[in-house]
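Understanding the architecture of this molecule
Chain residues, written in single-letter form:
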Amino acid sequence: MGMVDAPNDRKAGRKGRRRKRLGFHLDMTPMVDVAFLLLTFFMLTTTFSKANTMEINIPPESGEVKIAEHNVLTLRVVDQAEVYWAIGEQAPQRIPLYEAGLGSEAMMLSEAMRMMLRQQTAANERLVIVVKLSPKAKYKYLVDLIDEFNLLALDRFSLDDFTGDDARAVGLSGVTTNHQEL
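Residues numbered from 1 in each chain as written. Predicted model: local features only at pLDDT ≥ 70, side-chain atom pairs only at ≥ 80, totals over all residues. Heavy atoms only, no water.

Another point: the overall build of the protein chain. Of regular secondary structure, the protein chain possesses four helices and nine strands. Along the protein chain, helices (α) and strands (β) appear in the sequence β-β-α-β-β-β-α-β-α-β-α-β-β when read from the amino end. Counting every position in the protein chain, which comprises 182 residues, the buried fraction comes to 28%. Accessible surface for the protein chain amounts to roughly 14,100 Å². Of this, 55% is attributable to carbon and sulfur atoms. (Helix = DSSP H or I, 4+ residues; strand = E, 2+ residues; numbered from the N terminus. Buried < 20%, exposed > 50% of the residue type's maximum accessible area, 1.4 Å probe, protein only. Areas by Shrake-Rupley, 256 points an atom, 1.4 Å probe, with all protein chains shown as cover.)

Below, the discussion takes up the sheet that holds strand β5 (residues 93–96). With mixed pairing, five strands are arranged side by side in an open sheet as β5-β4-β3-β6-β7. Since the sheet does not close on itself, it has two edges, and those belong to β5 and β7 (157–160), each with one partner. Strand-to-strand twist across the sheet, computed as the mean angle between neighbouring axes with direction ignored, equals 25 degrees. Sheet topology places strand β3 (residues 72–77) next to strand β6 (residues 128–133); six bridges connect them, and they run parallel. From the neighbouring strand, Leu73 faces β6, where its bridge partner is Ile129. Against the sheet, helix α2 (residues 111–123) makes contact with β3, β4 (82–87), β5 and β6, and its axis sits at roughly 165 degrees relative to β3, the strand it touches most. (Pairing = 2+ DSSP bridges. Axes fitted to C-alpha atoms, helices over the stretch in contact; angles between N-to-C directions. Contact = heavy atoms within 4.5 Å.)

On to α2. Spanning 13 residues, α2 covers 18 Å between terminal C-alpha atoms, matching the ideal 18 Å at 1.5 Å per step. Every buried residue of α2 is listed here: Met113, Arg114, Met116, Leu117 and Gln120. Down the axis of α2, the buried set is contained in an arc of 160 degrees. They therefore lie on one face. When the buried face of α2 is taken as reference, the exposed residues oriented beyond 90 degrees from it are Ala122 and Ala123. (Expected span 1.5 Å × (residues − 1). Arc of directions from axis to C-beta.)

Inspection of the entire model under this criterion finds three aromatic pairs. With 5.3 Å between their ring centres and 70 degrees between their planes, Phe41 and Phe42 make a pair best called edge-to-face. Residues Tyr98 and Tyr141 carry aromatic rings whose centres are separated by 5.9 Å and whose planes lie at 55 degrees to one another, so their mutual orientation is tilted. Residue Tyr98 is found in the loop between β5 and α2, and its partner Tyr141 is found in helix α3 (residues 139–151); the two are separated by 43 residues along the sequence. Note on Tyr141: relative accessible area 3%, which makes it buried. (Phe/Tyr/Trp six-rings, centres within 6.5 Å; stacked < 30°, edge-to-face > 60°.)

Another point: the confidence of the model for the protein chain. This prediction gives the protein chain a mean pLDDT of 78; 77% of its residues lie at or above 70. In the model, residues 178–182 has pLDDT below 50 throughout and makes 11 contacts with residues more than four positions away in sequence or in other chains. (pLDDT = per-residue confidence, 0-100.)

Now for the nonpolar core. A general trend in soluble globular proteins is that nonpolar side chains are found buried together. If you look at the biggest cluster of nonpolar residues, it comprises 24 residues, and the most contacted ones within it are Leu73, Leu75, Leu97, Met113 and Leu145. Put simply, the parts of the chain that give this core at least two residues each are β3, β4, α2, β6 and α3. At five residues, α3 tops the list of elements feeding residues into this core. In this view, Leu73 contacts Trp85, Ala86, Ile87, Met116, Leu117, Leu127, Val128, Ile129 and Val130; residues no more than four positions away in its chain are not counted. (Core = buried A, V, L, I, M, F, W, Y, C linked by side-chain atoms within 4.5 Å.)

Looking now at the pairing of β6. Burial analysis of β6 places five of its six residues in the buried class, the great majority of the element. Across four bridges, the pairing between β6 and β7 is parallel. Following the sheet pairing, Val131 is matched in β7 by Leu159. Once the chain exits β6 it traverses α3 before rejoining the sheet at β7, and the crossover so formed is right-handed. (Right-handed = clockwise from strand over helix to strand, strands pointing away.)

Take unusual backbone geometry next. You will see that Ala153, though not glycine, has its phi angle at about 60 degrees, which is positive. For Ala153, the location among the structural elements is in the loop between α3 and β7.

As structure tokens, this is what we get:
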């Protein structure tokens, strides 16, 4: 551990003379060993968190997929956390995205939204969901919807542009799409 080096050539008889300072030597080897042992221990016992990523398959540039209208569920998300859903060319029906009173601060979708998704996908196993997000809607709405699709094991969904026809279908005015006022 620690050692004290004492010189052997002390002269005992001189009184007025200063004493030589004793040398001090500290052996650092055990401390370095402990430091490396701790470093190794923490490196080997640490669990690294995996990145939370979502795999999204992007369709090829060329080619068009034909789907019957009765197999398409369109979700139009507007800025007040409201969703208008329709199958095919039906009139859009309004449904809240989050529970009443909580708004976009809620951690999960409203029960009505979840039940609608469950019922529609159970009724038609070929159903493809098309999500159209209004330019005024928050990105969080899209993330929450995709999370819900993953929880319900829905892997047939698509993202599309919110057009002027969509704004008119849900009764919105003053919505800007592609830098044009509708």
